[in-house]
Amino acid sequence: MVMNPKQVFLSVLLFGVAGLLLFMYLQVWIEEQHTGRMEKKREQKATSGWGSVNYLQPVPRIMTREKIQEHNTDQNPKYHMPEDPKKKKENLNSERSTRVLTETSHSQREGQALGKTTESPTIKLIEKHRGTKTLFKKFREMNWPLDIRPLNKSLVKDNKWRRTDETQEKRRSFLQEFCKKYGGVSRPQSHLFHMVSRIYVEDKHKILYCEVPKAGCSNWKRILMVLNGLAPSAYNISHDAVHYGKHLKKLDSFDLKGIYTRLNTYTKAVFVRDPMERLVSAFRDKFEHPNSYYHPVFGKAIIKKYRPNACEEALNNGSGVKFKEFVHYLLDSHRPVGMDIHWEKVSKLCYPCLIHYDFVGKFETLEEDANYFLQLIGAPKELKFPNFKDRHSSDERTNAQVVRQYLKDLTGTERQLIYDFYHLDYLMFNYTTPFL
């Protein structure tokens, strides 16, 4: 029997549809199998090493808006913060599954408004497991310790560090008192794995270092690599090896017992910077130089939303973002692209009122603070903190004078709103209120 062209066409069409349906079924089945394996691995990781000790802690709400306003008015009546009609809920969009998200995914995961409780998928998964619900309930009911340990200064033999030590004690006491005054306990806002996701671990010298971008973090990671025996000198480690080599372990890679043990026995350090300086430094680094990531991911979205009548070239490559446009993105509660760790608040990167840091360094005294810290932890005598600029070495370092040049392009309201955005960082680390 000879088939006419119409019958041949219908036969081919039917076979094609059947093949497509079979392909779609196999794809769904494979994805379900993969998801099941991944969830099982996450469950095994999260439940490994548990003993009878409670490890997960509730996260306190750090400050209410009213308390901050009261404190700020008392300290700086000249810069009374205006009432925000929208209460400025900070929605951190967590769309886009590109590399946004190797660097920004932790910030975006926090993406609900401050007053809401976010449940981790890991916690949801584990709680389905019989026998763990009671354990997690006890974890949530525990309080973080209110007191910080005194620094072990037995390895410091030189009297030249006396002034640095006095400054350090003042910083620690100030932060501790601030957190006691404003850190009322409420339901968890984030789970433990997220809260420690920016903390690097050096087991040999028992160090935990919370990474704050644009506050000397590149050279600090070089120091950790040297302490780990991964390099003989901090001066021989490239920028790419520091940031993309994955040589260092983070605290969230351990199970609950490993996290809890290190938090309670290791020396914890955080280095911070004046928030306005840090913001301008991040803008200069990411948007004023060629960048194959920040321009297409952030630049294109910023120009599209905040630049009227943008030219086609700018919309296509994302280059040439202006500081004013960047500030509009930062302050927008409906950002076209999520937050990034380079301009995220320290209070959301390191949780300094929950994780009580033994050492609080500042970028403004970075070299002195860092070398004193190396003495405290018993680092090799020849190891000194590097003072070179990691990238764009020919550019002037971002300082107060440079910041003033950038702020000149903003209105008084915009400058005030930037301060409002970073008010916790200003207050926690006792930075002077900027001239607005």
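Scope of this entry: the structure provided in the associated data block. (Residues numbered from 1 in each chain as written. Predicted model: local features only at pLDDT ≥ 70, side-chain atom pairs only at ≥ 80, totals over all residues. Heavy atoms only, no water.)

**Notes on the overall build of the protein**
Here is the rule: A run of H or I in DSSP becomes a helix once it reaches four residues, and a run of E becomes a strand once it reaches two; helices and strands are each numbered from the N terminus. Each residue's exposure class comes from its accessible area (1.4 Å probe, protein chains only) as a fraction of the maximum for that residue type: buried when under 20%, exposed when over 50%, partly exposed otherwise. Per-residue and other accessible areas were derived by the Shrake-Rupley procedure at a 1.4 Å probe size, with only the shown protein chains allowed to occlude residues.
Helices and strands together make up the secondary structure of the protein, namely 19 helices and 5 strands. For the protein, buried positions account for 51% of its 436 residues. Entry remark: accessible area of the protein is about 22,900 Å², with carbon and sulfur atoms responsible for 55%.

**Some thoughts on the state of the cysteines**
Selection rule: What counts as a disulfide here is a pair of cysteine sulfur atoms lying within 2.5 Å.
Within this structure, the stated rule accounts for 2 disulfides. Two residues share a disulfide in this structure: Cys 179 and Cys 353, whose sulfurs sit 1.9 Å from each other. Disulfide Cys 179 to Cys 353: torsion about the S-S bond roughly -80 degrees, handedness left-handed. In this pair, Cys 179 sits in helix α6 (residues 162-182) while Cys 353 sits in the loop between α15 (346-349) and β5 (359-362), placing the two residues 174 residues apart along the sequence. A single burial state applies to Cys 179 and to Cys 353, both of which are buried. Numbered by position along the chain, the disulfide-linked cysteines of the protein connect as 1-4, 2-3.

**Section: the packing of aromatic side chains**
Rules: Aromatic rings from Phe, Tyr and Trp, taking only the six-membered ring of Trp, are treated as a pair when their centres fall within 6.5 Å; an angle between ring planes under 30 degrees marks them as stacked, one over 60 as edge-to-face, and anything in between as tilted. The rule is short: NZ of Lys or CZ of Arg within 6 Å of the ring centre and within 35 degrees of the ring normal puts a charge over the ring.
Under the defined criterion, the tally for this structure stands at 29 aromatic pairs. Taking 5.2 Å as the distance between ring centres and 55 degrees as the angle between the ring planes, the aromatic pair formed by Trp 220 and Phe 385 counts as tilted. In this pair, Trp 220 sits in helix α8 (residues 217-227) while Phe 385 sits in the loop between α16 (366-376) and α17 (400-407), placing the two residues 165 residues apart along the sequence. Assigned by exposure class, Trp 220 and Phe 385 land together as buried. Here the basic side chain of Arg 262 rests over the ring of Phe 254, its NZ or CZ set 3.8 Å away from the ring centre. Sitting over the face of the ring of Tyr 329, Arg 335 holds its NZ or CZ atom 6.0 Å from the ring centroid.

**Observations regarding the environment of Phe 421**
Position of Phe 421 among the secondary structure elements: in helix α18 (residues 412-421). Looking at Phe 421, the relative accessible area reads 6%, which means it is buried. The spatial distance from the C-alpha of Phe 421 to the C-alpha of Leu 330 is 8.7 Å, given a sequence separation of 91 residues.

**Focus: the pairing of strand β4 (residues 267-272)**
Put simply, the rule reads: When DSSP finds two or more bridges between a pair of strands, those strands are recorded as paired.
Within β4, 5 of the 6 residues are buried, leaving the element largely enclosed by the surrounding structure. Bridge count for strand β2 (residues 207-210) against β4 is 4 bridges, and the pairing is parallel. The partner of Ile 207 across the bridge, within β4, is Thr 267. As paired strands, β4 and β5 are joined by 4 bridges and run parallel to one another. Following the sheet pairing, Ala 269 is matched in β5 by Phe 359.

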